[in-house]
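Working through the structure, step by step
One letter stands for each residue in the lines below.
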Amino acid sequence: MHDHMDMAGLPPLGWPEFFGTWSLQPGWLIPLLLLGLAYLYGHRRADTTTTVGAWRVACFLGGLALTWVCVASAIGAYAMALTWMHMVLHLMLIMVVPVLLVLGHPLTVLLESFPEERRPAVRRVLRSWPVTLLLNPITGTLVYSVVIIGTHLTGFMDEMAMSPALMTGEQVLYIVAGYLFLVPIIGEEPIRSDPPYLTRISLLVLGMVPDTIVGIVMLQTNQNLYPMYTSMRPDWALDPVRDIQTAGALMWAGGDGGMMFIAVGLVIAVVVSEKRRARMLGGFLEGVRRQTLVDHVADSGAAAPEATSGAEFDTDGDEALAAYNRMLARLNEQEK
C-alpha cells in the first residue's frame, strides 16, 4: 500500500506521473500470484475434461493482474490525494475486476480440479445452504448496496484515511462485494442460484440505484463530506468540494454506465445462445408463453397433432410463427 501519510511528497498529477508512478506492492502481489497459480493448477488438473475455455482462463488472470495494476500504479498512489481518483479505484475494484474474475468461473475450476468420484461431494458443498445464501442474488445486491453507500455517505472515508489496514480492507471488500453481486448475474457456476436471464438483467438495473444515490449526493454537495481525508492531501490538490463533486459525477456516470455495459453484454450472450434464450423468462413465465402460443394454434383450427402441450410445442419454430401471424390476422379482421 502506498504510504497515505506521505501525500505531500506526491508531484501534481500529469500524464508522465500517471504512466510513470509504480510500486511493487508485495502485500498484494504475492497473494495474487498464489491465487493465480492455484487457479492454473486446478485448471490443469481437470485436463481434457474441463469446461472452462482458454478465454475464461485469460479473464481470471486478467482480473488478478488488473487488481495489482490498480493498487500499484498511479491509480493507487493518487487515490488518497484526489477524491476523483479514489472513485476510479473504487469503480475498478468493485466492477471491472469482479467481472473478469466471475467470467473466469473459479468455482467450476475448483469443482473440476477434483477426481470424478469426488466431484459429487464438492458439488453438494457448492449447493449447500450456507453457500447458496452467500451467493444468492438478494445477498449480493444488498452487500453491493451497503458497501457503496456505507463507504461514501458515512464517516468511513475519514476513518479509512487514518488507518492503512482499514484502507486495504476497503479495497478487498470492494472486490468481494462486486464478486458476490455478479456471480449469480453473469456467472454460470455449479451453484444453486441460477435466476432467469430477465431477472439477471433486472438486477443490473437495480444495482444502478446505490450508484445513482451516491453519485447525486456527492455531485450536488456544497460541503466537504470528508474533512479528515481531504486534510491529508497535498497543496496542489483540487478544492475539496469540487473534487468530491467530480468524484460523484464519476460514480454516477461510471457506475450506471458500467451496469449498462454489462447488461448489453448479457443480452448479447442470450441472443447468440439457444440454451440461454430458453432460460430468458424462467420456468413459470416460459410455460405461460408456450401455452399461449399452443392456444393460438388450437384456436386457429390448424393445430398439428403434436402441438397439444406447451412442453411439446416448438415456440420458436415455423408453426409458432404461423400461429402468431394468424392471431394478428384475426385481430385485424375484428378491427374492420
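This write-up is about the structure you can find in this document. Just so it is clear, the structure is predicted and the values come from calculations on it, not from any experiment.

1. Remarks on unusual backbone geometry
The phi dihedral of Gln-25 is positive, around 50°, even though this residue is not glycine. Considering the arrangement of structural elements, one finds Gln-25 in the loop between α1 (15–20) and α2 (26–46). The buried category is assigned to Gln-25, whose relative accessible area is 6%. Even without being a glycine, His-105 presents a positive backbone phi close to 50°. Relative to the elements of secondary structure, His-105 occurs in the loop between α5 (83–103) and α6 (106–112). A relative accessible area of 6% places His-105 in the buried class.

2. A short note on the layout of surface pockets
When its volume is computed, the largest pocket comes out at roughly 530 Å³. Lining the largest pocket are 22 residues, and of these Leu-35, Leu-101, Ile-175, Val-176 and Tyr-179 lie nearest its centre. Elements supplying a minimum of two residues to the lining of the largest pocket: α2, α3 (54–72), α6, α8 (129–134) and α11 (164–186). Counting residues per element, the lining of the largest pocket draws most heavily on α2, which supplies seven residues. In the lining of the largest pocket, the residues fall into 20 nonpolar, two polar and no charged. Estimated volume of the second largest pocket: approximately 440 Å³. Forming the walls of the second largest pocket are 20 residues, and the residues nearest its centre are Val-99, Leu-103, Ile-186, Ile-262 and Gly-265. Ranked by the residues each element gives to the lining of the second largest pocket, the list is headed by helix α14 (residues 240–271), at seven residues.

Cut-offs used in this document
- Residues numbered from 1 in each chain as written.
- Predicted model: local features only at pLDDT ≥ 70, side-chain atom pairs only at ≥ 80, totals over all residues.
- Heavy atoms only, no water.
- Helix = DSSP H or I, 4+ residues; strand = E, 2+ residues; numbered from the N terminus.
- Buried < 20%, exposed > 50% of the residue type's maximum accessible area, 1.4 Å probe, protein only.
- 1 Å grid on protein atoms, 1.4 Å probe; cavity = no way out; pocket = protein on both sides within 12 Å on 5 of 7 lines; lining within 4 Å.
- Points joined across faces, edges and corners; volume = space filled by probe spheres on them.
- Nonpolar A, V, L, I, M, F, W, Y, C, P; charged D, E, K, R; others polar.

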